[in-house]
Structure formats: structure tokens, C-alpha cells
Amino acid sequence: MQVRATMGLLTPLLADITVDGLSLVGEVTAEELELTEDDAVVSGPLEVSLDLTGVDGLVAVTGVLEGTVIRECVRCLKQYEDPLAFSVRAAFVPEPKSASHHPKRVDPRKARAEVVEADEEEEPDDQYQYQGNHLELAPMLREHIILAAPMQPLCSDECLGLCARCGKNLNEGPCQCAAEPSIPTFRVVQSMKRKTGGSSAS
Ligand SMILES: [Zn+2]
Ligand SMILES: [Zn+2]
């Protein structure tokens, strides 16, 4: 079964996800994924192609997400288009129905201990929970996009960056700083003026 409509692409019904699988293909916007500009600046829609397989309430999601993100180069500070294309892998499990998630009923100290324990538990990073009769794919896709961001975005591996002295973008050509050592020459002229008792230098 294949769903192409944008409506429901991010909230597939569990009833449609069978052992035989459900394919979701379509475009989603940054807004639909609730991506803020702090997360990533997306240029145009993102293409999503996902395969969902359900067995006993556990849903495995695999697929591909493609699009373009605008990033700022850390060396030359220019914005550039970074093509995104990465595989998506996630598992959805039903949210436990136990009351342990209601902190009001639990002693605060005990609750804190439980949080620490939960942090230490080795749970796969790509596991998500669902409630009710459908999945919410948006938070999972949003997380994948955020994690895809490089720590040091570069417009190109060969980016020359900016001149530390004049600030010119050296990718656009060399600046005059290297050719004209103007600052040392100026200093020599000034010290000569001082020796001769010139009052022009303050
Ligand atoms: Zn750059
Ligand atoms: Zn320069």
C-alpha cells in the first residue's frame, strides 16, 4: 500500500501499518516538521520516502530524506546550500500505560532516582513512542535533520576564509595585505618624526 497524500504523511494510522509494510512518499515542509530557524534553515520542501513495517505494535521505519539546508560557513561566514540526503531509521513502540509518568503520585526523591536510572538505561537513540491509533513522524524526522548538521559547516573543504587583517573573503581573490606591508612602514616613519622632535605625532 502506498500513500501519496500530504495529509496523513506524517501521521500514518497504525491500522495501515501491517507486516507487509506501508510506503509513504511525499514532500514535507519545515513548518510541518516544526523546524525552527535555530534548528536548520531549509530551502524548499523536503522529500520523504519511508517504509513502515508493523509487528505486534512495534513499528520499524526505514527510508530516505532529501532536501537542501542553508548553512553559514565557519571560515568565510558566507551562506551556502548544503544538499541533504540521509537514511532514516527509527523504531516506534507504544507508550507504556503505567502511571509512573505522573510525578504527582510519586515521591520527588524517588522520581529523581528514576530519571537517573532512565538516563543510564541503554535505550537505542532511534526509539520513539506513540500514543493512540497513529504515529507522529514529525519529531523523529526533525531530530534526524538536526543531527545531520555538521559541527563546523564549511562551504567547501578548500575554503580560504577571511583575511584576519582586512576581512576580505579570500575565496574571491587575494587581498592587498600580503603585497603591501603598509603598517610596519608607517611605524618607521612615525618613530623618525619623534626623534627629530616633530609635534605632529600625538
Ligand atoms: Zn567558506
Ligand atoms: Zn587582507
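Details of the structure are given in the entry above.
Residues numbered from 1 in each chain as written. Chains lettered and ligands numbered in written order. Predicted model: local features only at pLDDT ≥ 70, side-chain atom pairs only at ≥ 80, totals over all residues.

**Some remarks on the overall build of the protein chain**
- Along its length, the protein chain carries three helices and six strands.
- When the elements of the protein chain are put in sequence order from the N terminus, they spell out β-β-β-β-β-α-β-α-α.
- Across the 202 residues of the protein chain, 16% fall into the buried class.
- Considering only residue pairs separated by 6 or more positions, the protein chain has 57% of its internal contacts joining residues 24 or more positions apart. (Helix = DSSP H or I, 4+ residues; strand = E, 2+ residues; numbered from the N terminus. Buried ≥ 20, exposed ≤ 12 C-beta atoms within 10 Å, placed from the backbone. Contact = placed C-beta atoms within 7 Å.)

**Focus: unusual backbone geometry**
- Unusually for a residue other than glycine, Asp56 sits at a positive phi of about 50°.
- Here Asp56 shows up in the loop between strand E3 (41–55) and strand E4 (58–72).
- Notably, Leu77 is not glycine yet its phi reads approximately 65°, a positive angle.
- Among the structural elements, Leu77 can be located in the loop between E4 and strand E5 (79–94).
- According to the C-beta neighbour criterion, Leu77 is exposed, with 12 such atoms within 10 Å.

**Side note on the environment of Thr62**
- Secondary-structure assignment places Thr62 in strand E4.
- On the neighbour-count criterion, Thr62 (15 C-beta atoms within 10 Å) is partly exposed.
- Along the sequence, Thr62 and Val88 sit 26 residues apart, while their C-alpha atoms lie 5.4 Å from each other.
- Setting aside anything within four residues of it in sequence, one finds Thr62 in contact with Asp51, Val88 and Arg89.

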